[in-house]
Structure formats: C-alpha cells, structure tokens
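Inside the fold
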Amino acid sequence: MSHEPVREIATTTVTAVAEAPAVLDAAAEESIARVRVAGAPVSVVDMDKVLDTFGQWVGSGRDRVVLLRDVHGAMCARKNDLVREAQEAAELVLPDGVPLTWAARLAGQSGISRVCGIDLLPRVCRHGVTRQWRHFFYGASPNVADQLAVIMREQFPGIAIVGTHCPPFRPLTADEDAEICAKIREAKPDFVWVSLSTPKQDLWMQEHRGRLGGVTMIGVGGAFEINAGLISRAPMWMQRSGLEWLYRLAQEPGRLWKRYFECLPRFAVLATLELIKQRLAPVISSRNP
C-alpha cells in the first residue's frame, strides 16, 4: 500500500495516507503538522488535540494507525525499513518520550507536549464514556487485558469495553489471524488498543490496516500492565525530568539495559546534528541565492 511521503513542518502540514477520507477527516488530519526528530516524523500535538482528532475519526468507517514514539522506537525505525514505512504511514506519531518533546521544542515547536501512552489510554477511556466510544484491548501477557478491562470499568462506570484478546507469543497462522480480525470486526470497537511492544505493534497495526472495520489502532506498549496496576510507574518528578526510562531500567535491567545504552547516545547525536542543520539552513541559503 503506497502512502504520500511525510512533508517537513517547515514546508506544510501533512496528509498521512493516500486513501480518500471523509471531508471532516481530511480537515482534521491536514491541520496536524509534523516535525522531524532524529528522522522520526513526530506530530505536533498535545493531549487535547489528540482527543479532538479522535472525535473526528470515530464513526468514519476507516482504519487508522496511531504510534506512540519514544527514543527506542525512533531508533528502530532507522534500522528497519518495514518499521520506518509503518511510522511514515501512521496518521499520528505521538511524542511519547520526553527527549522527543524537548528536541521538537528546541526546533521551534512550542505547541508540542508529551502524549504518553500510559496517560493516553485512561484519558481516552474517560473522555469517551459519555460519547459511547467502544474499546477493544489486544495484546500483553495472558489475562492482563482482562484485568485492565476490570480496572477501567471500575474507574469509568459506563465505559464500553467490547472485547479483549491475548495472542500467543509466536507468529499467528493465517487462520488464527483471520479469526481475530473477524472477532474485532464483530465487536465493532472505535479503538483497538495494542500492547505488543515496539516495533512488533507498529508492524501489526500497519499490516491490519483496512481489515478491522473502521477502527483507530493505538500502540501503547506496556500501558496495559501499568494501568492494570501490575507494574509501578516512575514518580512524577522523574516523568517530568525525562528520567522515566531510568526507573524502568531499574525494574527490568536484564531486558532493557542494552536497549537504552545503545539508543540514547545515538539519539542524542542525531537530534543534535538535525538541530544544527536546521539552524544553519537559513545561513547556507542566504549564501547560495
């Protein structure tokens, strides 16, 4: 499936996919610009803008993909063509990581704010209660999605959670995949929350675009476990200081140490070079009329 390339924020705003949207959808998507951060096309949004955009999308009958991008995801996309294609095709690439938000602001985008998947999930659930938005939880470890559904129903009485599914920890057969697609379509959710980790969830959402009956797929990584109360979250001061990764590293050092110590230095170098290039662009342009 071909998609229109992402255009830089300095030139114009973005139309994320090439298929013909409804009038309201086109207006909503074209109003959301993107800025490059270490090569990743990050949407210039805050939480309220995301909620407003979701409201435009619900009921349009079109599948969409929303990525939550952090440093690890941005670096994965640089190394893997399929992940990069999924990132470019997504309707929204939200700044989940604080470093991406900082880099975007240094590039002049003062209107951007962090939209973390851990926060986005309950905000959308709460926002959608009176709007009768329907939710499907897909992924995570066995029983986690079910536990999350219980917690969300306790926190937001009246919420419409229309299904959960935990896939096996292996590639699905064609029949199994077709079965889960049919299950989601039958449930008729507005939002499919996907917890498969990055980049697996990026690829799953891109591969299932157009097969789920008009849903917004949102990849939120470990947000299921944290919102279900199974894993603790970093204190607020660490979140605001961009140190949430350090808290997670302390919780799962064996799994995360290599990821962070490979990704963070590379990201810092790439983002710095990108910023320098942007700042020098007017000077170079003036010397070469």
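Preceding block: the structure.
Description of the structure in this document. In this text the structure is predicted, and so the values were computed from the model without any measurement.

Remarks on empty space enclosed by the protein
Per the stated rule, a full pass over the model turns up 2 cavities of 30 Å³ or more. Reported here for the second largest cavity is a volume of approximately 40 Å³. Per-class residue counts for the lining of the second largest cavity are 3 nonpolar, 5 polar and 3 charged.

Here's the deal with a nonpolar patch on the surface
Together, Val269, Leu273 and Ile276 make up an exposed nonpolar region whose accessible area comes to about 270 Å². Look at Leu273 and you get exposed, because its relative accessible area is 51%.

Concerning the layout of surface pockets
By volume, the largest pocket is sized at about 1,200 Å³. If you go around the largest pocket, you meet 50 residues; those closest to its centre are Gly221, Gly222, Arg248, Arg255 and Arg259. At the level of secondary structure, the elements contributing two or more residues to the lining of the largest pocket comprise helix H3 (71-79), helix H5 (98-106), helix H6 (117-128), helix H9 (200-208), helix H10 (223-227), helix H12 (244-251) and helix H13 (253-287). Grouping the amino acids of the lining of the largest pocket by side-chain chemistry returns 24 nonpolar, 15 polar and 11 charged.

Digging into the pairing of strand S3 (residues 64-69)
For S3, a buried count of 6 out of 6 residues is recorded, marking the element as mostly surrounded by other parts of the structure. Side chains of S3 alternate between two faces, with Arg64, Val66 and Leu68 and Val65, Leu67 and Arg69 buried alike. With 4 bridges joining them, S3 and strand S8 (residues 216-219) adopt parallel strand pairing. Within S8, the residue paired with Arg64 across the bridge is Thr216.

Quick notes on the pattern of salt bridges
Taken as a whole and assessed by the stated rule, the structure comprises 11 salt bridges. Salt-bridge contacts for Glu91 lead to Arg62; the nearest nitrogen and oxygen are separated by 3.7 Å. Of the two residues, Glu91 sits in the loop between helix H4 (81-89) and strand S4 (92-95) while Arg62 sits in the loop between helix H2 (47-57) and S3, which places them 29 residues apart along the sequence.

A look at the packing of aromatic side chains
Following the criterion strictly, the structure yields 6 aromatic pairs and no others. Taken together, Phe54, Trp57, Trp133, Phe191 and Trp193 form an aromatic cluster joined through their ring pairs.

Observations concerning the sheet that holds strand S6 (residues 160-165)
If you trace the 6 strands from one edge of the open sheet to the other, you get S4-S3-S8-S7-S5-S6, paired in parallel fashion. The open sheet is flanked by S4 and S6, the only strands paired with a single partner. The average angle at which neighbouring strand axes cross in this sheet is 20°, direction not considered. Bridge count for strand S7 (residues 191-195) against S8 is 4 bridges, and the pairing is parallel. Its bridge partner lying in S8, Phe191 is registered against Thr216. Relative to S4, H2 is tilted by about 160°, and along the sheet it contacts S3, S4, S7 and S8.

Regarding unusual backbone geometry
Look at the link from Thr198 to Pro199: it is a cis peptide, with omega at 10°. Secondary-structure assignment places Pro199 in the loop between S7 and H9. Phi at Ala38 takes a positive value of approximately 50°, unusual for a residue other than glycine. Counting through the fold element by element, Ala38 comes out in the loop between strand S1 (34-37) and strand S2 (40-43).

Definitions and cut-offs
Position labels on residues start from 1 in each chain and follow its written sequence. Reporting of local features is limited, given that this is a predicted model, to residues whose pLDDT is at least 70; pairs of side-chain atoms are given and counted only at 80 or more, and all residues count toward the totals for whole chains, interfaces and linings. The basis for every side-chain value is the complete set of non-hydrogen atoms in the structure, without hydrogens or water. Computed over the protein atoms alone on a 1 Å grid, cavities are sets of points where a 1.4 Å probe fits but cannot get out and pockets are open sets with protein on both sides within 12 Å along at least five of seven lines; a residue lines them when it has an atom within 4 Å of a point. Grid points are joined across faces, edges and corners, and a volume is the space filled by probe spheres set on the points. Classification convention: Asp, Glu, Lys, Arg as charged; Ala, Val, Leu, Ile, Met, Phe, Trp, Tyr, Cys, Pro as nonpolar; all other residues, Gly among them, as polar. Within this analysis, patches are made of residues with over 30% relative accessible area and no salt bridge. Like charges are joined at 9 Å or less; nonpolar side chains (Val, Leu, Ile, Met, Phe, Trp, Tyr) at 5 Å or less. Using a 1.4 Å probe, the Shrake-Rupley method yields the accessible areas, and only the shown protein chains count as cover for residues. In what follows, salt bridge is the name for a side-chain nitrogen of Lys or Arg lying within 4 Å of a carboxyl oxygen of Asp or Glu. The rule is simple: take the accessible area with a 1.4 Å probe, protein chains only, and divide by the maximum for that residue type; under 20% is buried, over 50% is exposed, in between is partly exposed. Helix numbering and strand numbering both begin at the N terminus, where a helix is a DSSP run of H or I of at least 4 residues and a strand a DSSP run of E of at least 2. Strands are treated as partners if at least two bridges between them are detected by DSSP. What counts as a ring pair is set by centres within 6.5 Å for rings of Phe, Tyr and Trp (its six-membered ring), and what kind of pair is set by the plane angle: stacked under 30 degrees, edge-to-face over 60, tilted for all other angles. Axes here refer to lines fitted to C-alpha atoms; in helices the fit is confined to the stretch in contact. Angles between the N-to-C directions go from 0 to 180 degrees. In what follows, residue pairs with any heavy atoms lying within 4.5 Å of each other are defined as contacts.

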